[in-house]
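A closer look at the structure
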Amino acid sequence: MSRSAHPAGPRHADVMTEGHYTAPPADLNALDEKVWARTVTRDEDGVITVGGIGVTRLAEEFGTPAYFLDESDFRARCRAWADAFGRDADVFYAGKAFLSRAVVRWLQEEGLNLDVCSGGELTCALDAGMPAERIAFHGNNKTVAEIERAVAVGVGRIVLDSFQEIARVAHIAQRLGKRQRVQIRVTVGVEAHTHEFIATAHEDQKFGIALAGGQAAEAVRRALTLDGLELIGIHSHIGSQIFDMAGFEVSARRVVQLLAEVRDEHGVELPEIDLGGGLGIAYTSEDDPREPHEIAKALGDIVTRECEAAGLATPRISVEPGRAIVGPTAFTLYEVGTIKPLEGLRTYVSVDGGMSDNIRTALYDAEYTVALASRTSDAEPMLARVVGKHCESGDIVVKDAFLPSDLAPGDLIAVPATGAYCRSMASNYNHALRPPVVAVRDGQARVIVRRETEEDLLCLDVG
Ligand SMILES: *Cc1c(COP(=O)(O)O)cnc(C)c1O
């Protein structure tokens, strides 16, 4: 499957699943609560509001494009995950979905831990006061400098991803006179039911050490012999945007099998297993995500059952939701610039952002919905494609969606479920200024990541 639109246009490209929506929704003004943040609604004038503030006011104050994040929804989701997993498990928010210092403080206040996968993410976490022992460090190619820093500050765990890294972390820890707590990331041979480019646990990929062929068992053997390491468990992350628990079931079974092998061979019962993240959210009304308590129950049951069968004490479980916490909490607000009806095809609606603030549609063929946000309309629905202002025909934000046919330049439109992997993957393509993230809560709006300025762009360009 090719990953970008064909230069000759979408009708020539094999990735454009034409006519995904066969019929417009019954009510174009309705906001499906599955895809919108919890406090989002329309006021009596038909304006979309979040945290009690209308988008027209937000656009005036903060400009467009901008991400508006429902802080009380974010906090509620954190609490739901923490409560669902309870005291015998740990929830690590995957910082790569979206990280800022405010987010780190919310996580602390709501009792969550944090996954980072780069020195930059680690800096953000520490700067905002996250205790190092509540941080897990991931990545398939951590640099020596990153490892040194993580060990020196005392992160709670480093997730080892290769044989070289086992030796490297052990060596660094020993040199620093420390014993670093580590997990080993294994690939369990599960291909999660999701887009190929975001599936990560089948074996032909860069992450982890394969269970197959005794590789993971060998990794455990080495880790157990090295003085600088305290091996606390096994880690598995099988993909992203997963709805089906079957993949986790196979994954948990295989990880528990490895724990049993480790006990048989070394007489050691590793105390923890981490089942990763990847839980899906609703991007459109067709998606049906599970609630945290259902996920916690399903995972807990699987692990307990497998451990009983293997005669093992149930290890402590951890999970790493990123998207499932932050994804639904934000929407991107754009202003409509130009509107181009293509007879017999669709109407192209150009907005003031695009692939620089949401690369997921171009990168993963992701699906989104969109709503007219600054007013309601009773006009007939028109099939629209929301596109950005960048110099790429693949610069598409929403591939297929219905908008009212009286849509006009200057209208505000909102794309929901953009909290995860949008700002964190944003780029400066075409020297775009990356949009701000504004947290809204109880009638108060506060910039947590400010909009880039042209000075920001030029200050990196040393001339
Ligand atoms: C990306 C990632 C996650 C989070 O994935 P989501 O789909 O955002 O839940 C969790 N763990 C690891 C190791 C990851 O790489």
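What you see is a predicted model; the values in this text were computed from it and never measured. Residues take numbers from 1 onward in each chain, read along the sequence in its written order. Totals for whole chains, interfaces and linings use every residue, but because this is a predicted model, local features are given only for residues with pLDDT of at least 70 and side-chain atom pairs only at 80 or more, for both listing and counting. To get the side-chain values, take all heavy atoms of the structure and skip hydrogens and water.

Some thoughts on the packing of helix H2 (residues 71-85) against helix H3 (residues 101-109)
The line we're drawing: Axis definition: a line fitted to C-alpha atoms, limited for helices to the stretch in contact. Angles are taken between N-to-C directions and run from 0 to 180 degrees. Helix and strand labels come from DSSP, where a helix needs a run of H or I of at least four residues and a strand needs a run of E of at least two; each type is numbered from the N terminus. Any angle between 65 and 115 degrees counts as roughly perpendicular, while under 35 counts as roughly parallel, over 145 as roughly antiparallel, and the rest as oblique. Handedness of a helix crossing follows the sense of rotation of the near helix relative to the far helix, less than a right angle counterclockwise being left-handed and clockwise being right-handed. Residues count as neighbours in contact if any of their non-hydrogen atoms are within 4.5 Å of one another. Residue type decides the class: Asp, Glu, Lys and Arg count as charged, Ala, Val, Leu, Ile, Met, Phe, Trp, Tyr, Cys and Pro as nonpolar, and the leftover types, Gly among them, as polar.
Contact pair H2 / H3: the axes reach a minimum separation of 9 Å and the direction vectors enclose 40°. Relative to H3, the element H2 lies oblique. Considering the relative orientation of H2 and H3, their crossing is right-handed. Where H2 approaches H3, its residues Glu-71, Phe-74, Arg-75 and Cys-78 are matched on the opposing element by Val-103, Trp-106, Leu-107 and Glu-109. Here the contact of H2 with H3 is composed, by residue class, of 5 nonpolar, no polar and 3 charged.

A look at the site of the ligand
For clarity, the cut-off: Here a residue is considered near a molecule or strand provided that any single heavy atom belonging to it is located within 4 Å of it. Polar contact is the term for a pair of N or O atoms within 3.5 Å; when the atoms are in protein, one must be able to donate a hydrogen and the other to accept it, and sequence-neighboring residues count only if both atoms are side-chain atoms. Per-residue accessibility takes into account occlusion by the displayed protein chains alone, with areas from the Shrake-Rupley method and a 1.4 Å probe.
The environment of the ligand is made up of 15 residues, and the closest members are Lys-96, Gly-278, Glu-320, Arg-323 and Tyr-421. One of the side-chain N or O atoms of Ser-240 is found 2.9 Å from an oxygen atom in the ligand. Within the backbone of Gly-278, a nitrogen or oxygen atom sits 2.8 Å from an oxygen atom of the ligand. If the ligand stood free it would expose 390 Å²; the protein chains cover 93% of that surface. Across the shell around the ligand, the residue classes tally to 3 nonpolar, 7 polar and 5 charged.

A short note on the UniProt feature "binding site: substrate" (unreviewed entry) in the chain
Under the convention used in this document: UniProt positions are given in the numbering used here, feature names are shortened, and annotations may be inferred rather than shown by experiment. The rule is simple: take the accessible area with a 1.4 Å probe, protein chains only, and divide by the maximum for that residue type; under 20% is buried, over 50% is exposed, in between is partly exposed.
In the numbering used here, UniProt assigns the "binding site: substrate" (unreviewed entry) feature to Arg-323, Arg-360, Tyr-364, Glu-392 and Tyr-421. In sequence the annotated residues extend across 99 residues, and in space they extend as well, their farthest C-alpha pair lying 26.8 Å apart. Overall, Arg-323 belongs to the buried group, its relative accessible area being 5%. Reaching out from Arg-323, the side chain makes a polar contact with the side chain of Ser-240 at a distance of 3.5 Å. On the secondary structure map, Arg-360 appears in helix H11 (residues 360-364).

Quick word on the environment of Arg-385
Considering the arrangement of structural elements, one finds Arg-385 in strand E17 (residues 381-387). Taking the C-alpha atoms as reference points, Arg-385 and Leu-403, separated by 18 residues in sequence, lie 9.2 Å from one another. Engagement of the side chain of Arg-385 in a polar contact is seen with the side chain of Tyr-348, the distance being 3.2 Å. Of note is the side chain of Arg-385, whose polar atom sits 2.8 Å from the backbone oxygen of Lys-399.

Things to note about the pairing of strand E19 (residues 412-416)
We count it as follows: For two strands to pair, DSSP has to find at least two bridges joining them.
Within E19, 5 of the 5 residues are buried, which leaves it mostly tucked inside the rest of the structure. Burial of the side chains of E19 extends over both faces: Leu-412, Ala-414 and Pro-416 are buried on one face and Ile-413 and Val-415 on the other. When strand E14 (residues 330-342) meets E19, the two strands line up antiparallel, connected through 5 bridges. Counted as the bridge partner of Leu-333 is Ala-414 from E19. Of the pairings in the sheet, the one linking strand E16 (residues 371-372) to E19 comprises 2 bridges and is antiparallel in character. Bridging across to E19, Leu-372 finds its partner in Ile-413.

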